[in-house]
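# Secondary and tertiary structure notes
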2 protein chains.
Amino acid sequence: MELQLIDYFRQRIPQYPCVRLGIGDDAAIIDLDIPQCVVTTDILMDGVDFRLSEVTPEAIGRKALAVNLSDLAAMAASPKACVVGLVLPEKGGVEIAKRLYDGLLPLARDFQIAVAGGDTNSWEGPLVISVTAIGLPSPGGGLCRAGAKPGDRIIVTGDFGGSLLGKHLTFTPRVWEAIYLYRSYEIHAGIDVSDGLALDLWRLTVESRCGAVIQAEKVPISEASHRMVAQVKSRMKPLDHALHDGEDFELILAVPPAEAARMLRDQPLSVPLTDIGEFVPDRGLWLEKGKKRTPLEPKGYQHKFSL
Amino acid sequence: MELQLIDYFRQRIPQYPCVRLGIGDDAAIIDLDIPQCVVTTDILMDGVDFRLSEVTPEAIGRKALAVNLSDLAAMAASPKACVVGLVLPEKGGVEIAKRLYDGLLPLARDFQIAVAGGDTNSWEGPLVISVTAIGLPSPGGGLCRAGAKPGDRIIVTGDFGGSLLGKHLTFTPRVWEAIYLYRSYEIHAGIDVSDGLALDLWRLTVESRCGAVIQAEKVPISEASHRMVAQVKSRMKPLDHALHDGEDFELILAVPPAEAARMLRDQPLSVPLTDIGEFVPDRGLWLEKGKKRTPLEPKGYQHKFSL
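Residues numbered from 1 in each chain as written. Chains lettered and ligands numbered in written order. Predicted model: local features only at pLDDT ≥ 70, side-chain atom pairs only at ≥ 80, totals over all residues. Heavy atoms only, no water.

## Quick look at the pairing of strand β10 (residues 251–255) of chain B
One face of the sheet, then the other: side chains in a regular strand alternate in exactly this way. All names here are of chain B. The test is simple: For the exposure calls, accessible area comes from a 1.4 Å probe over protein chains only, and a residue counts as buried if that area is under 20% of its type's maximum, exposed if over 50%, partly exposed in between. Secondary structure elements are taken from DSSP: a helix is a run of H or I of four residues or more, a strand is a run of E of two residues or more, and numbering for both begins at the N terminus. For two strands to be treated as a pair, DSSP must find no fewer than two bridges joining them.
In terms of residue burial, β10 counts as a mostly covered element, since five of its five residues are buried. Burial of the side chains of β10 extends over both faces: L251, L253 and V255 are buried on one face and I252 and A254 on the other. Pairing of strand β7 (residues 153–157) with β10 involves four bridges; the strand directions are antiparallel. Bridging from a neighbouring strand, V156 pairs with I252 of β10.

## Thoughts on the confidence of the model for chain A
We apply this condition: How sure the predictor is of each residue is captured by pLDDT, a score from 0 to 100.
Overall, the predicted model of chain A reaches an average pLDDT of 93, with 97% of residues at or above 70. Both scores are available for the predicted complex, with the pTM at 0.93 and the ipTM at 0.91.

## A look at the environment of H168 of chain A
Residues and elements named next belong to chain A. We apply this condition: Two residues form a contact once any of their heavy atoms are found within 4.5 Å. N or O atoms closer than or at 3.5 Å make up a polar contact, with two conditions inside protein: a donor-capable atom paired with an acceptor-capable one, and, for residues adjacent in sequence, both atoms drawn from side chains.
You can see H168 is positioned in helix α4 (residues 167–170). Accessibility expressed as a relative area gives 7% for H168, which makes it buried. Setting aside residues up to four positions removed in sequence, H168 forms contacts with D49, K63, S163 and E247. Side chain to side chain, H168 and K63 meet in a polar contact 2.9 Å long.

## A word on the relation of the copies chain A and chain B
Put simply, the rule reads: Least squares is used to superpose the copies, and the fit set is the C-alpha atoms of residues whose pLDDT is at least 70 in both copies.
Once chain A is rotated about the relating axis by 180° and shifted along it by 0.0 Å, it coincides with chain B to within an RMSD of 0.0 Å. The relationship between the two copies is best expressed as a two-fold rotation axis. For chain A, the minimum C-alpha distance to the rotation axis belongs to P35 of chain A and amounts to 2.0 Å. Of the interface residues in chain A, 100% have counterparts in chain B that sit at the interface too, so the contact is made through matching surfaces.

## Focus: the domain arrangement of chain A
Residues and elements named next belong to chain A. Rules: Boundaries of every domain are those given by an automatic assignment or by a domain database. By definition, a salt bridge exists where a carboxyl oxygen of Asp or Glu is found within 4 Å of a side-chain nitrogen of Lys or Arg. Gly falls in the polar group here, along with every residue not listed as nonpolar (Ala, Val, Leu, Ile, Met, Phe, Trp, Tyr, Cys, Pro) or charged (Asp, Glu, Lys, Arg).
Assigned domains of chain A: these are domain 1 (2–136) and domain 2 (153–295). Centre-to-centre, using C-alpha coordinates, domain 1 lies 28 Å away from domain 2. For the interface between domain 1 and domain 2, the tally reads one salt bridge. Here E247 makes a salt bridge to K63, at a shortest N to O gap of 2.9 Å. Broken down by secondary-structure element, the contributors of at least two residues to the side of domain 1 that touches domain 2 are α2 (57–74) and β4 (78–89). Among the elements that line the side of domain 1 that touches domain 2, the one with the most residues is α2, at ten residues. The residue makeup of the side of domain 1 that touches domain 2, split by class, is eleven nonpolar, two polar and five charged.

Here it is in structure tokens:
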């Protein structure tokens, strides 16, 4: 059954010229344009990153690739090839696998990333999908988390919060946006928001050895954040959702002030760019409301462990 | 807890010059020597590929990397970098993760492969470990499954069968052997034995559009195959274990007769090379005992699915 399934994928998965040797061998050979690559990996699990009982396999397959593309976007890297590891439930696994690919392949086509190989397994446990994406760095090495300087503006794409209401499955990874911005403006550092605006901004400041102040009234709060407040009936406000929900898969960029001003004047993307605050010399994270600055805890999604 | 664990890895994992940007960013940047790479991925799951209740996490971490190195060996590719995806049980996951790396890192050092990044998760399910390895193809493109020609000899490294008694955890991936042989002899095709000598040889013949005849008395049967017969009390004979057990992680090579003779005369490796038969024009797989040739079913490990 495993062999038939691999044959099925092989027929369905389009061939890309950069894949010299692809599915059906022990490993794939990828032609790159330069002697360097960017690599990132992400695993999604049923019950943690999605619920197979609540969402379609197509949406899961799409998300598994999209989160990796978002990591490439965080580096301003261009997608080249990916490999897909599946751990399928024995019962119904073949159908699930086909539908995962039905969701993954259109996104792969949109972002010109070849599916070069994979590993297909079954077990009695829940669905696990692991994607590793390979890309090419932007000329100049690309963005990374280190490099933000005090005085840099905090520029973000899109809006934040409430992604559980849909965006966590349907988001567009900011790949082309990141490449365009990195080529067109001076950008010191960048990260994508997977675990929360506050947490991921804090991660960027840690690598850049600085701090950051978010101006509360400037944070672009999604319409979904407001809906979350209405639906969930917790004590959280829309701003809290925007700061801490995560899975927005937008970009946070550290941009020198003059370049930031030019960027905001140009608004060169179809998604809005917003200045939400400033990087500062002191380590830490603060939220500024009016003139009042209070420490902001970098909450967000973290995997839990017990002893 | 997740962040502390990533910090722990970051301190323990040695830095390699080829990793321009490693753990702690959204993706890793790898310097390659040529504008091409080989990529392979494998996922191991508790209860399928190992039992966490029966083996040490160190052995599992080692195996997760070793199976990927064996795939690189099958292509005669040289290891460069890998990324490690972990899905850890919430309970005890931190300790397990540290011990997985304690097993993985020494093997990585032996094979000069950098650990460039990963993804660390927890859940209430069993342990899953996914490794993706990146290598450089040998000059000339490297081995693949296609290319065996009728008349080529079937050359194998090492011996086969009974790997469950230990070798499936302790095997040495034939990386240096493959690179040396590919550089020193004309070799038409190759594969590593993960799922069984018969099944993987059959896979090679499928890609090469030919068949193969194994001479029963020439198959190097491991001592463990004999022990399996003694212990398991099934109807299987030592030869059956050698042909079908799998997880030997030895190489099968298709070598033109004169080159095969030279290889066997030289015996250039510390592990024996054995000629076990011949590739033939007719599609299929046969076992020859004395003068009698019977079809050989390509049994071996396949993942199961039900509707």
